Each structure stands twice: as structure tokens, then as C-alpha cells.
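Understanding the architecture of this molecule
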Amino acid sequence: MQRRLSIFFLFFFGFLCILNAQDRLQLADTLLIDGDTIIMLGDSIIFKQQAKPIYWEKGGNFNLSIQQVSLSNWNAGGSSNLAWNTALTLFANYRKEVIIWDTKLNVNAGFNRQGGRSYATRKTNDNFIFISKYGRELTNFWFLSTQLDARTQLLAGYRYFRPSGAEVDSRSKLSDLLAPAYIQSSTGLNYRRDFKNKDRISLIASPFTGRFTIVMEDSLSNAGAFGVIPGEKVRAEAGLSFGSTTDIQLYENIRWRADLNLFTNFESLGNFVVNLNSVISMRVNKFITTRIETILIYDEKVLIQQDSGPPKQAVQLQNMFNFGIGLDF
């Protein structure tokens, strides 16, 4: 009997200790300072720091590839040359509650220098693309968005040719900085999905789109290049547009990023201006990467000079395969 009473009093004493501890925790002093929680329990202080939300996601990528061929007394023929290509991508994405704002900048530049020819250094790649999209969430995947798309180049572009009977090449200017430049503003419905591994797919259709073709170089604007009225600097159009952005991980070290922009004028519905930029990045290690980049452009108002015959409408296509240094930041 005494043993049973001892066990009972032991459990009863432990139960009272637990109740006392709970009462002390309930009566603990709690202080909130700028989102952080401080609990004072007797001589002890419990500090709980609330995780601060992250609204901005920023980063980018830099890629550089160089190729050099040096020949001396080379019986098989050929000529020494140096080629390099560089690409810079920057992005800043913002999301807070029902607001999203995605911005991306792509700048590409490439040159080739070959000995023994007129104009030894020639441009091979030159693109400047800025895309910014602001949206407000309607449902989980649908947004009402406004997008700004601006495209141009940084340096003058030339067509090289050898006139009949001449011994050296000549060149004629085809383009320049802001000649052309394309600025497109659109508002419409945006379907957007974010997946694991930072994968993202975004589609935007806009029934309200304004597109401006800018030609600031006098000789080109006077010739009516890129569809502007001869002598004019700007050509304004209104129409419909469709855009898509794809950023997905194909395999462990292979990523595909693509931007597609389609525009059709109300005056000629169905005749689309097409701009496609696609980049497949294959990372070997932290610093070495391989890039396969494709750029496709079609604009019926842009006439392409041919090697023979008059200029005509044509698809502009650029393919680049680069192996070099790639840095993510």
C-alpha cells in the first residue's frame, strides 16, 4: 500500500510541474520588434527571427569564345584568322502578392579578322534585345500584362562585295545603331507557369499592340529602308501580337531558353513579323560551356540584297555554335 501511495504522489508531483511550466510559458512576456519575436521566460530569452520575404530574383550569364588560326608557309592553303564572340544576359524578376514584373536584357557581339582581305575585321554578330513585362494576377496562372519589347544593334552592318573588274572588295551600309530599332508595346492576357529547377513558360496574347520601326541613319531612311516612308525616321503600326518565353532544363546540364515574338498589322492581318531567339546552353563545368544559338527574323517589309538580282523578301537566319567560358552570376 505504501508503495502504491509513493508512486501516486510521484506522478502527481510531476503533473504539477508540467502544469506550472505551461502556466509560466503562457504568462511569458512577448515583445515584437520589427517582425522579430522575443519571448522572456524567467531569466531565459527566446529569440525568434521571422524570415524576410524575397521579392527580387536577379542574375545573369556571360559567355566568351575565341578561335585563332595562325598559318606560316602553309602549303595546304588558307589564311590566318581570329574570331571571337561574346554574349551577356541580365535579368531581374519581381513578384509580390498579385504583382509580377520580369525584365531581361540580351547583348551579343562577334567579330572575325582574316588576313589578306579588304576590311580585314568584319562583324559576325550584333544584337541588343530588351524585354520587360509587368502583370497583375487574375487567377493562379493567368495575368493581365503589359509588355515592352525593344530590339536594335550596336554597330554599323555592311554588305561586302567585289565590283566587276575590281581587285579589292567594296562595302555598302545595311544597318546601324537605331537603324533599325523596333519598339513594341502590347497589353493582353498572359498565361504563366513556374516549375521546379526555375523552369518557366509564359505566353501572352495581345489584341492591342503598337509597333514602331525607327531608322535614324539618314542614308537608310532616305532610301526607305526597313519599310519606312523615304525621308521619314519612324513608321508606326497597330495590330495584334503573340509572345512566348521558354526557360526549361532539358537535362542535368542542358538548358533551353527561347523568346518568340509575332506581330501582324491590322491592315494586313495574317502577314506576321517573326522574331525568334533560341539558346541551348550545355555546361561542361563551372566555367566551361557550349552554346547553340539560333536567331530567325522575317519581315515582309525588309528586302534582302541578293548576290545577284534585285533585293527580295527572305527569311533571315543566324546559327552560332560557341565553346568557351561561361559565368553565371
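Along each chain, numbering runs from 1 in the same order as the chain's sequence is written. Given that the model is predicted, a residue must reach a pLDDT of at least 70 before its local features are reported, and side-chain atom pairs must reach 80 or more before they are shown or counted; all residues, however, enter totals for whole chains, interfaces and linings. By convention in this description, side-chain values take in all heavy atoms of the structure and omit both hydrogens and water.

1. Description of the overall build of the protein
Defined as follows: Going along the chain from the N terminus, every DSSP run of H or I of four or more residues is numbered as a helix, and every run of E of two or more is numbered as a strand. With residues, only the protein chains shown are counted as cover, and all accessible areas are computed by Shrake-Rupley using a 1.4 Å probe.
Helices and strands together make up the secondary structure of the protein, namely two helices and 17 strands. When the accessible area of the protein is evaluated, it comes to approximately 20900 Å², of which 60% is carbon and sulfur surface.

2. Describing the environment of Asp218
Just so we agree on the cut-off: Exposure categories follow from relative accessible area, calculated using a 1.4 Å probe and restricted to protein chains: below 20% of the type maximum is buried, above 50% is exposed, and the middle band is partly exposed.
As for its placement among the helices and strands, Asp218 is situated in helix H2 (residues 218–222). Note on Asp218: relative accessible area 47%, which makes it partly exposed. As a C-alpha pair, Asp218 and Glu232 span 14 residues in sequence and 9.0 Å in three-dimensional space.

3. Describing the side chain of Thr89
For clarity, the cut-off: Polar contacts, as counted here, are pairs of nitrogen or oxygen atoms within 3.5 Å of one another; within protein the pair requires one atom able to donate a hydrogen and one able to accept it, and residues that are adjacent in sequence qualify only if both atoms are side-chain atoms. Residue contacts are counted whenever heavy atoms from the two residues lie within 4.5 Å of one another.
Checked against the element boundaries, Thr89 lands in strand E5 (residues 81–96). Polar contacts involving the side chain of Thr89 include one to the side chain of Asn106, which spans 3.0 Å. Leaving out residues up to four positions away in the same chain, Thr89 has contacts with Gly59, Gly60, Asn61, Lys104, Leu105, Asn106 and Phe329.

4. Some remarks on the packing of aromatic side chains
Put simply, the rule is: Two rings from Phe, Tyr or Trp (for Trp, the six-membered ring) form a pair when their centres are within 6.5 Å of each other. A pair whose planes differ by under 30 degrees is stacked, one over 60 is edge-to-face, and the rest are tilted. Consider the ring centre and the ring normal. A charge sits over the ring if Lys NZ or Arg CZ is within 6 Å of that centre and within 35 degrees of that normal.
All chains considered together, the criterion is met by eight aromatic pairs. Note on Trp56 and Trp101: the rings are 6.0 Å apart at their centroids and 55° apart in plane angle, and the pair reads as tilted. Here the residue Trp56 occupies a position in strand E4 (residues 56–69), and Trp101 occupies one in strand E6 (residues 99–114), the gap between them amounting to 45 residues. Judged by relative accessible area, which is 39%, Trp56 ranks as partly exposed. One aromatic cluster is present, built from ring pairs that chain together Tyr55, Trp56, Tyr94 and Trp101. In this structure, Arg171 packs its charged tip against the face of Tyr158, placed 3.8 Å from the ring centre. When the ring centre of Phe141 is taken as reference, the NZ or CZ atom of Arg193 above it lies at 4.1 Å.

5. Thoughts on a nonpolar patch on the surface
Cut-off, in case you're wondering: Patch membership needs two things, relative accessible area over 30% and no salt bridge, and members are linked within 9 Å if like-charged or within 5 Å if nonpolar (Val, Leu, Ile, Met, Phe, Trp, Tyr). A pair is scored as a salt bridge if a Lys or Arg side-chain nitrogen falls within 4 Å of a carboxyl oxygen belonging to Asp or Glu.
Among the surface-exposed residues, Leu90, Phe287, Ile325, Leu327 and Phe329 lie close enough to one another that they form a single nonpolar patch of about 440 Å² accessible area. Summarising the element assignment, Leu90 is placed in strand E5. Judged by its relative accessible area of 33%, Leu90 falls in the partly exposed class.

6. So, the sheet that holds strand E8 (residues 142–152)
Stated precisely, the cut-off is as follows: At least two bridges found by DSSP between two strands are what make those strands a pair. Note on geometry: axes are C-alpha line fits, over the in-contact stretch for helices, and angles between N-to-C directions span 0 to 180 degrees.
Strands sit in the order E4-E5-E6-E7-E8-E11-E12-E13-E14-E15-E16-E17 around a closed barrel of twelve strands; the barrel is antiparallel. Each adjacent strand pair in this sheet contributes to an overall mean axis angle of 20°, direction not counted. Where E5 lies against E6, 16 bridges are found, and the strand directions are antiparallel. Residue pairing in the sheet places Tyr94 in a bridge with Trp101 of E6.

7. Observations regarding the pattern of salt bridges
Tallied over the full model, the rule gives 22 salt bridges. In this structure, Asp102 and Arg200 form a salt bridge, with 3.7 Å as the shortest nitrogen-oxygen distance. Taken as a pair, Asp102 in strand E6 and Arg200 in strand E12 (residues 200–214) lie far apart in primary sequence, 98 residues in all. Of the two residues, Asp102 and Arg200, neither departs from the other in class, the shared state being buried. Between Glu237 and Arg235 there is a salt bridge, and its shortest N-O distance comes to 2.8 Å. Connected through shared salt-bridge partners, Arg95, Asp102, Glu137, Arg192, Asp194 and Arg200 make up one network.

8. Quick look at unusual backbone geometry
Following Ala179, the chain continues to Pro180 via a peptide bond in cis, the omega torsion being 10°. Tracing the backbone shows Pro180 in the loop between strand E10 (170–175) and strand E11 (181–194). Although it is not a glycine, Glu97 adopts a positive phi angle of roughly 55°. Here Glu97 falls in the exposed class, since its relative accessible area comes to 69%.

9. Focus: the confidence of the model for the protein
As a reminder, the rule being used: pLDDT measures how confident the predictor is about each residue, on a scale from 0 to 100.
Overall, the prediction assigns the protein a mean pLDDT of 87, with 85% of residues at 70 or greater. Here residues 21–28 scores under 50 on pLDDT; set against residues more than four positions off or in separate chains, the count is six contacts.

10. Digging into the side chain of Thr209
Tracing the backbone shows Thr209 in strand E12. Polar side-chain contacts of Thr209 include one of 3.2 Å to the side chain of Ser206. Setting aside chain neighbours within four positions, we find Thr209 in contact with Gln184, Ser185, Ser186, Glu237, Ala238, Gly239, Leu240, Ser241 and Phe263.

11. A few points about the environment of Phe323
Residue placement: Phe323 occurs in strand E17 (residues 316–328). Through-space distance from the C-alpha of Phe323 to that of Asn85 is 9.8 Å; in sequence the pair is 238 residues apart.

12. Describing the environment of Tyr182
Mapped onto the fold, Tyr182 is located in strand E11. It is 5.7 Å that separates the C-alpha atoms of Tyr182 and Phe212, two residues lying 30 residues apart in sequence. Not counting chain neighbours up to four residues away, the residues in contact with Tyr182 comprise Asp149, Ala150, Arg151, Arg211, Phe212, Thr213, Phe226, Asp299 and Val302.

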